[in-house]
Amino acid sequence: MVENKKIFDLAVIGGGPAGISAAIYARRGNFEVLVLHNGGGSLEKAHKIENYYGFKDGISGAELYNEGLLQAENLGIAVKKLEITHFEVNSDGNFEILAGEQKFEAKSLVLATGNKKLRPKIKGLQDFEGKGVSFCAVCDAFFYRKKNVVIIGNGKFALSEADVLANVASSVKILTNGENCDELKKLNTKYSIDERKIEEIKGDENSGLVNSLVFFDGEILSTDGIFIALGEAGAADFAKKAGIFLDGDKIKTDEKMQTNFPGIFACGDCTGGLLQVSKAVFEGALAGLSAIAFLRNKAGKYPKS
């Protein structure tokens, strides 16, 4: 683990319009800002955006995303492309963020990662959500003490969920559901990995709970619980681990984009509502301004309002 010794005033998780807007406002307030991102997700896939102000011929999502990152860098914002798996509060009251093999520290935090919940196309999965199929290890690990569980995923997010479950479960196995797992194999030294594609999830007729899954080769694997950890951790995943209040899978904020956790703000798609660039930019600006007020209050530069 490589630890960055610099303590940033604000760390923004997410490099889209919401995250970059928050970063820009905080930077123009003369604060040291870090942006951690790992690609533009659905925005990068948008062929052309024609309903956003200032582009007479429209602009592709990929171009808008990259221009935002360049704008941040030109303002002196530290921008790093890394996968973020975890953050926690340290003894100084700052946030420690784990990203790849690096650790960063910041006095405040903005969550702007969007809010994807990826579901594999497996027969029976939706029927057993909440009945043995879970999307959050921190939330539900308690219910699987001394039981056998599996995780469906093939990256760092899956591995971080496995680490949580390993503390309580009897056994933890990672299933890639036919996806490439070269990266996972390089990182993983603890858990067995099965690369076979899954056909169906089945449950007990009496209890209605998950009890097994079936691979396409016909083999049946008994299990007490299935945790979905596809792709990267989204905003809701981070929120659940930190005890941030949610409304469904959306982060709850007040009118200043402040969550219930002091110093953590959220903006963009992860707060729900209109899933448009214009809304993301507005909320990002508001989150950045609110972070400035929080940091100044924390430093005692003016009385709390």
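As the structure is a computational prediction, the values presented were derived from the model and not from experiment.

Description of the pattern of salt bridges
Okay, step 1: Tallying each qualifying case throughout the model produces 14 salt bridges.
Okay, step 2: Across the salt bridge formed by Asp57 and Lys56, the nearest N and O atoms sit 2.9 Å from each other. For the residue pair Asp57 and Lys56, the accessibility class agrees, reading exposed in each case.
Okay, step 3: For Glu96, the salt bridge identified is with Lys103, shortest N-O distance 3.8 Å.
Okay, step 4: One connected set of salt bridges, linked through shared partners, spans Lys173, Asp194, Arg196, Asp217 and Glu219.

As for the layout of surface pockets
Okay, step 1: The calculated volume of the largest pocket comes to roughly 1,000 Å³.
Okay, step 2: Around the largest pocket, the lining is made up of 39 residues, and of these Gly40, Gly41, Ser42, Leu43 and Thr113 lie nearest the centre.
Okay, step 3: The element best represented in the lining of the largest pocket is helix H2 (residues 42-45), accounting for four residues.
Okay, step 4: Tallied by class, the residues present in the lining of the largest pocket amount to 17 nonpolar, 16 polar and six charged.

Here we look at the side chain of Ser160
Okay, step 1: If you trace the backbone, Ser160 turns up in helix H5 (residues 156-166).
Okay, step 2: Taking relative accessible area as the criterion, Ser160 reaches 15% and is therefore assigned buried.
Okay, step 3: With residues near it in sequence (within four places) discarded, Ser160 still touches Thr85 and Lys241.

Observations regarding the packing of aromatic side chains
Okay, step 1: All told, the structure shown has seven aromatic pairs when counted by the stated rule.
Okay, step 2: Ring centres of Tyr52 and Phe55 lie 6.3 Å apart, and the angle between their planes is 25 degrees; on these two criteria the pair is classed as stacked.
Okay, step 3: Here the aromatic rings of Phe265 and Phe294 are separated by 6.2 Å at their centres, their planes lie at 75 degrees, and the arrangement is edge-to-face. Taken together, the positions of Phe265 in strand E17 (residues 264-266) and Phe294 in helix H8 (residues 277-298) put the pair 29 residues apart, joining distant regions of the chain.
Okay, step 4: Given a relative accessible area of 1%, Phe265 falls into the buried group.
Okay, step 5: By the ring-pair criterion, three or more aromatic residues cluster together here, those being Phe87, Phe95, Phe238 and Phe261.
Okay, step 6: A cation over an aromatic ring shows up here: Arg145 above the ring of Phe142, its NZ or CZ 4.1 Å from the ring centre.
Okay, step 7: Just above the ring of Phe215 sits the side chain of Arg196; from NZ or CZ to the centre is 4.0 Å.

Considerations on the state of the cysteines
Two cysteines form a disulfide when their sulfur atoms are joined by a covalent bond.
Okay, step 1: As enumerated under the stated definition, the model contains zero disulfides in all.
Okay, step 2: Free cysteine Cys270: the closest other cysteine sulfur is in Cys267, separated by 6.3 Å.
Okay, step 3: Exposure remark for Cys270: the relative accessible area of 0% places this residue in the buried category.

Focus: the packing of helix H1 (residues 17-28) against H8
Okay, step 1: For the pair H1 and H8, the least separation of the axes is 7 Å and the interaxial angle reads 35 degrees. In this structure, the crossing between H1 and H8 has a hand that is right-handed. On the side of H1, the interface is formed by Pro17, Ala18, Ser21, Ala22, Tyr25 and Ala26, while H8 contributes Val277, Ala280, Val281, Gly284, Ala285, Ala287, Gly288, Leu289 and Ile292.
Okay, step 2: Taken together, the residues of the contact of H1 with H8 sort by class into 12 nonpolar, three polar and no charged.

Considerations on the pairing of strand E14 (residues 225-228)
Here is the key point about a regular strand: its side chains alternate between the two faces of the sheet.
Okay, step 1: Taking every second residue as pointing to the same face, both faces of E14 are buried, with Gly225 and Phe227 on one and Ile226 and Ile228 on the other.
Okay, step 2: Sheet topology note: the strand E7 (residues 133-134)/E14 ladder contains two bridges and is parallel. When the sheet's bridge partners are listed, Val133 is paired in E14 with Ile226.

Rules used throughout
- Residues numbered from 1 in each chain as written.
- Predicted model: local features only at pLDDT ≥ 70, side-chain atom pairs only at ≥ 80, totals over all residues.
- Heavy atoms only, no water.
- Salt bridge = Lys/Arg side-chain N within 4 Å of Asp/Glu carboxyl O.
- Buried < 20%, exposed > 50% of the residue type's maximum accessible area, 1.4 Å probe, protein only.
- 1 Å grid on protein atoms, 1.4 Å probe; cavity = no way out; pocket = protein on both sides within 12 Å on 5 of 7 lines; lining within 4 Å.
- Points joined across faces, edges and corners; volume = space filled by probe spheres on them.
- Helix = DSSP H or I, 4+ residues; strand = E, 2+ residues; numbered from the N terminus.
- Nonpolar A, V, L, I, M, F, W, Y, C, P; charged D, E, K, R; others polar.
- Contact = heavy atoms within 4.5 Å.
- Phe/Tyr/Trp six-rings, centres within 6.5 Å; stacked < 30°, edge-to-face > 60°.
- Lys NZ or Arg CZ within 6 Å of the ring centre and 35° of its normal.
- Disulfide = S-S within 2.5 Å.
- Axes fitted to C-alpha atoms, helices over the stretch in contact; angles between N-to-C directions.
- Left-handed = near helix turned anticlockwise from the far one by under 90°.
- Pairing = 2+ DSSP bridges.

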